[in-house]
Amino acid sequence: MNIARRPLAAAFLTLACTPLFAQSIRDGLSNTLVVSEKLAVPAPKLNADPGNPEAPPASGVTNLSTRGSLTGNVTQTLRGENAAEQSVSVAGVEGKTRANNAELNGGIGANVTQTNNNASSITQRVGAGSLVDSTVSSARTNGEITGPGITQTNNGASSGAGANVQSVEVGSINSTQARSVNARGSLSGEVIQFRGTPGAGTQSLNVGAVNNVEGGGSVSANGTVSGSVSQIANRQVEQRIDVGSVNGGSPAEARTNGTVLGSVSQRADGGGGASVQTVSVGSANNSSGNIQTDATTAGTISQLQGAGTNIEQRIKVGSVDGSRTQAITEVVNSGDIIQTTNGASNAVQDVSIGSAENTGAVVTTRAEVTGAIGQFAGNSSNTRQSINLGSVRNADGGTANTNVTVTGNVLQNAINANGGDQRVLVGGVEGKR
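Just so it is clear, the structure is predicted and the values come from calculations on it, not from any experiment. All residue numbers here refer to positions counted from 1 along the written sequence of the relevant chain. This being a predicted model, a pLDDT of at least 70 is required before a residue's local features are given, and a value of 80 or more before pairs of side-chain atoms are given or counted; all residues contribute to the totals for chains, interfaces and linings. Side-chain descriptors were evaluated using all non-hydrogen atoms of the structure, hydrogens and water having been removed beforehand.

Asker: Please clarify how the overall build of the chain should be interpreted in this entry.
Answerer: Check the secondary structure of the chain and you find one helix and 39 strands. Burial classes follow relative accessibility: with a 1.4 Å probe on protein chains only, a residue under 20% of its type's maximum area counts as buried, one over 50% as exposed, and anything between as partly exposed. With 433 residues in all, the chain has 53% of them scored as buried. Of all intrachain contacts in the chain linking residues separated by at least 6 positions in sequence, the fraction that spans at least 24 positions is 83%. Areas reported here follow the Shrake-Rupley algorithm with a probe of radius 1.4 Å; residue values treat only the protein chains shown as occluding. With an accessible surface of roughly 16700 Å², the chain has 47% of that area assigned to carbon and sulfur atoms. A run of DSSP states H or I qualifies as a helix once it reaches four residues; a run of E qualifies as a strand once it reaches two. Both are numbered from the N-terminal end. By the convention used here, residues are in contact when the closest approach between their heavy atoms is within 4.5 Å.

See the structure below:
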């Protein structure tokens, strides 16, 4: 769906962009996080036993270094009943591995195709230079997908909730105990995840993302997507795309850097139960430490859902959710953002660009938005549409400074809706409701 870029009508919000502010956004001179001694939290020792922070590391590898490159095509095909698994990992580490220091470097420069035609439930996973479910003192990952792309197809039988999983990990760090992590991922190829299976399941893409890392130290997430990404599913599903973002965990300090230059799309045909679509670019979600975000988007990001109950569509670009000490956001958004649903009940459409939410921190936001933003809901009931641009929501204490320029069109449209809310907040501050 295209959003016409006509001169803004009175219904659209506009702010003039000064040359000084535009320059500060691009040269990053104001993007400096200063942490006082009072706010700084020393990194704890490696916690082999989460109940005993002084416990020594358990037995494992002293230092771990991997390097791998895949340039030959890989094809995996399954035809059969019952549960199954398809996995391709290049220079990855997983399965409760323990090490003092880990450094991973993995690249895929070829076609990787995974296909399931009848299994009742299946896990399809492709990873390049990623660390999963391990305990380390420090970790540095570097993953890259430059080839024609990754295709995961699941046409299996109906199955129980969460039984079908499709995941692509590029230089990401997930579910790991560590006190210092640095994740870096780059995707210039194409990723397609398709689920024809009528049962519930998940589709996920992590590029230079850090998810659920405990340890209390420093976290750095860096991700770039310049290729195209498509997630397509039949009926209820959870679709997640994280690029250079930090989700969960308890870091003392987190830095994010996310860039999307290619097109990113999520589609769920709806029907049945709840469906959730989330895209997070250079954001920090449910993390309570000192946060600094840096995000740039130039490609189109779109989410489409059909009929269903308890529908969620959320897009976050360089935003912070949950910081309790200090948060700085820095965002340039020039790509269009589109959310569409039809025939849904209890639907939430939320766009947050360079914003801070649920925070008691000292907050500084900077955002330049030139792309168009559209939210559309047809024949839906109880639809809540929210757009937050460089704003501070659910603030509880702290100091807030906002600086936002919006020149792109903003449109919220609910047709034949049975109740709902439409809200746009630009550079504003809103206390707890």
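Asker: Would you explain the layout of surface pockets in this entry?
Answerer: Over the atoms, a rolling probe the size of a water molecule traces out where space has been left empty. Each cavity reported here is a set of points on a 1 Å grid over the protein atoms alone in which a 1.4 Å probe fits but cannot get out, each pocket an open set with protein on both sides within 12 Å along at least five of seven lines, and each lining residue one with an atom within 4 Å of a point. Grid points are joined across faces, edges and corners, and a volume is the space filled by probe spheres set on the points. If you add up the space inside the largest pocket, you get close to 810 Å³. Looking at the largest pocket, it is lined by 36 residues, and the ones nearest its centre are Thr-278, Asn-285, Asn-286, Arg-314 and Lys-316. Split by residue class, the lining of the largest pocket holds four nonpolar, 18 polar and 14 charged. Here the term charged refers only to Asp, Glu, Lys and Arg, the term nonpolar to Ala, Val, Leu, Ile, Met, Phe, Trp, Tyr, Cys and Pro, and the term polar to all other amino acids, Gly among them.

Asker: Honestly, the nonpolar core in this entry has me stumped. Any pointers?
Answerer: Within soluble globular proteins, side chains that are nonpolar generally end up buried alongside one another. Formed by 40 residues in total, the largest nonpolar core has its most connected members in Ile-108, Ile-145, Ile-150, Leu-187, Ile-353, Ile-373 and Leu-389. Discounting residues that sit within four places of it in the chain, Ile-108 has contacts with Leu-70, Val-90, Val-126, Gly-127, Ala-128, Glu-144, Ile-145, Thr-146, Gly-147 and Ile-150. The criterion is simple. A nonpolar core is a set of buried Ala, Val, Leu, Ile, Met, Phe, Trp, Tyr and Cys residues joined through side-chain atoms within 4.5 Å.

Asker: I keep staring at the pattern of salt bridges and nothing clicks. Help me out?
Answerer: Note on pairing: side chains with opposite charge can pair once their charged atoms come close. For this document, the term salt bridge refers to a Lys or Arg side-chain nitrogen within 4 Å of an Asp or Glu carboxyl oxygen. Here the structure, examined in full by the defined rule, presents 10 salt bridges. Note that Glu-253 is salt-bridged to Arg-255, the shortest N-O span being 3.3 Å. When its relative accessible area of 26% is taken as the criterion, Glu-253 is described as partly exposed. Look at Arg-255 and you get partly exposed, because its relative accessible area is 31%. Residue Glu-430 pairs with Arg-393 through a salt bridge whose shortest N-O separation is 3.4 Å. Of the two residues, Glu-430 is situated in strand β39 (residues 429-431) and Arg-393 in strand β35 (residues 392-395); the sequence distance between them amounts to 37 residues. Both residues of the pair, Glu-430 and Arg-393, belong to the buried class. Beyond isolated ion pairs, a larger network of salt bridges with shared partners links Lys-316, Glu-357, Arg-393, Arg-423 and Glu-430.

Asker: What's the story with the sheet that holds strand β11 (residues 173-174) in this structure? I'm lost.
Answerer: Where strands meet in a sheet, backbone hydrogen bonds hold them as pairs that are either parallel or antiparallel. Whether two strands pair comes down to DSSP finding at least two bridges between them. Strand order in the open sheet formed by nine strands is β7-β11-β15-β19-β23-β27-β31-β35-β39, with parallel pairing between adjacent strands. At either margin of the open sheet sits one strand with a lone partner, and together these are β7 (131-132) and β39. Taken together, the two bridges between strand β15 (residues 210-211) and strand β19 (residues 246-247) define a ladder with parallel strand orientation. The residue bridging Val-210 from the neighbouring strand is Val-246, located in β19.

Asker: Could you clarify how one ought to interpret the pairing of strand β8 (residues 135-145) in this entry?
Answerer: The two faces of a sheet get side chains in turn, since along a regular strand they alternate between them. Pairing between strand β4 (residues 98-108) and β8: 10 bridges, direction parallel. Within β8, the position partnered with Ala-102 by the bridge is Ala-139. Across eight bridges, the pairing between β8 and strand β12 (residues 180-187) is parallel. Counted as the bridge partner of Thr-141 is Ala-183 from β12.

Asker: Looking at this structure, I do not really get the side chain of Arg-393. What am I missing?
Answerer: Taking relative accessible area as the criterion, Arg-393 reaches 11% and is therefore assigned buried. We call two N or O atoms a polar contact when they sit within 3.5 Å, provided that within protein one can donate a hydrogen and the other can accept it, with sequence-adjacent residues counted only if both atoms are side-chain atoms. Of the polar contacts made by the side chain of Arg-393, one reaches the side chain of Glu-430; its length is 3.4 Å. When neighbours within four sequence positions are excluded, Arg-393 is seen to be in contact with Asp-350, Ala-356, Glu-357, Asn-358, Thr-359, Ser-386, Asn-388, Arg-423, Leu-425 and Glu-430.

Asker: Which parts of the structure should I look at to understand the pairing of strand β29 (residues 337-342)?
Answerer: Across the six residues of β29, five count as buried, placing the element largely inside the fold. Note that strand β25 (residues 301-305) and β29 share five bridges and pair parallel. From the neighbouring strand, Ile-301 faces β29, where its bridge partner is Ile-337. With six bridges joining them, β29 and strand β33 (residues 373-378) adopt parallel strand pairing. If you follow Thr-340 over to β33, its bridge partner there is Phe-376.

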